[in-house]
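Chain and residue survey
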Amino acid sequence: MDGKPIGRRVVLGMMGTGVAGILFGSKAADLMERVVAPIASRDGTGFLSLFPVGRFRIYTVTGRLHSRSDAEYRLAVNGAVNTPVTFTLDDIRAMPPTRMTKDFQCVTGWRVHDVKWTGVRLADVLDKAGVKDGSWGVRLFSFDGSYTETLTLGQARRDDVIVAYEMEGKPVSSAHGGPVRLYVAPMYGYKSIKWLETIEVVTTEPRAGYWEVRGYDTDAWIGKSNGRDDRPV
Ligand SMILES: Nc1nc2c(c(=O)[nH]1)N[C@H]1C(S)=C(S)[C@@H](COP(=O)(O)O)O[C@H]1N2
Ligand SMILES: [Mo]
């Protein structure tokens, strides 16, 4: 890693000149490392040592960290729902918590073992708004203004898919996408969108997420996607 980030504009330019076809498999992994790791590489080690949870790499496709205070934070659930709902952080913390200790696995190869997570089931958040019958799933948006993700309703309703507000017993730091990020335990890390801001329930399959349009599988099951055979978490 030479610490020289490739900006999104450069990447989009590359796509425009027809390089998109090679952005699969290990090429896509290389791209992820170069695009998302510029912050991580600033200390020259490939890891952002400033932050308390030093076992992770800090990824952000915008090349910047984003933050929102606990008081300002809002999570909106809208789209094909009976009642659009906006949650404050206190609203989310007042819901029945789910805790789990599970690995975090990036598709580029690094894995953080036994991470303690606390949050609420995405299913419970969706139920507060009431998902309309026959919906396809959810489209997720980040307040970084760039990153999006998708999950089918079946995936979104799994017990191990949570709207997380604590990692390792501490509030999710802004480096890790706090105050609230998603944690999709059975899937590669790119499904776990950071700085979660909006959950839109959609009736048809939406445009694929940030990394999926760059070559990664939309159904990102650990060990059963992207040509990888990692041990599931
Ligand atoms: N908003 C946003 N969410 C994101 C990313 C990102 O760049 N931006 N990177 C994804 C990828 S590829 C991984 S592996 C994890 C990394 O989480 P971490 O930065 O907390 O280690 O976040 C995922 N969610
Ligand atoms: Mo990743």
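Residues numbered from 1 in each chain as written. Chains lettered and ligands numbered in written order. Predicted model: local features only at pLDDT ≥ 70, side-chain atom pairs only at ≥ 80, totals over all residues. Heavy atoms only, no water.

A word on the overall build of the protein chain
- Helices and strands together make up the secondary structure of the protein chain, namely 5 helices and 10 strands.
- Residues classed as buried in the protein chain amount to 52% of the 233 residues present.
- Across the protein chain, every contact between residues at least 6 apart in sequence was considered, and the portion connecting residues at least 24 apart equals 68%.
- As displayed, the protein chain has an accessible area near 10400 Å², and 49% of this comes from carbon and sulfur atoms. (Helix = DSSP H or I, 4+ residues; strand = E, 2+ residues; numbered from the N terminus. Buried < 20%, exposed > 50% of the residue type's maximum accessible area, 1.4 Å probe, protein only. Contact = heavy atoms within 4.5 Å. Areas by Shrake-Rupley, 256 points an atom, 1.4 Å probe, with all protein chains shown as cover.)

Considerations on the sheet that holds strand β10 (residues 196–202)
- Read across the sheet, 5 strands follow the order β2-β1-β10-β5-β6 without closing on themselves; strand pairing throughout is mixed. In the strand order of this sheet, the two ends are held by β2 (85–88) and β6 (148–152), each with one partner. The mean inter-strand angle of the sheet, taken between neighbouring strand axes irrespective of direction, is 15°.
- By the bridge criterion, 4 bridges tie strand β1 (residues 74–79) to β10 in an arrangement that is parallel. Each bridged residue has a counterpart across the sheet, and for Ala-76 the counterpart in β10 is Thr-198. (Pairing = 2+ DSSP bridges. Axes fitted to C-alpha atoms, helices over the stretch in contact; angles between N-to-C directions.)

Looking at the site of ligand 1
- Close to ligand 1 lie 21 residues, the nearest being Arg-57, Tyr-59, His-176, Arg-181 and Lys-194.
- In the shell around ligand 1, the residues fall into 12 nonpolar, 5 polar and 4 charged.
- Taken domain by domain, the shell around ligand 1 gets at least three of its residues from each of domain 1 (8–60) and domain 2 (74–214). (Near = heavy atom within 4 Å. Nonpolar A, V, L, I, M, F, W, Y, C, P; charged D, E, K, R; others polar. Domains from an automatic or database assignment.)

Focus on the side chain of Asp-230
- Relative to the helices and strands, Asp-230 is located in the segment after β10.
- Separated by 2.6 Å, the side chains of Asp-230 and Arg-228 make a polar contact.
- Apart from residues no more than four positions distant in its own chain, Asp-230 is found in contact with Gln-105, Arg-111, Tyr-188, Ile-222 and Gly-223. (Polar contact = N/O pair within 3.5 Å; in protein donor to acceptor, adjacent residues only side chain to side chain.)

A short note on the side chain of Thr-60
- Topologically, Thr-60 is positioned in the loop between α2 (25–36) and β1.
- Here the side chain of Thr-60 touches Arg-64 through a polar contact of 2.7 Å, landing on its backbone oxygen.

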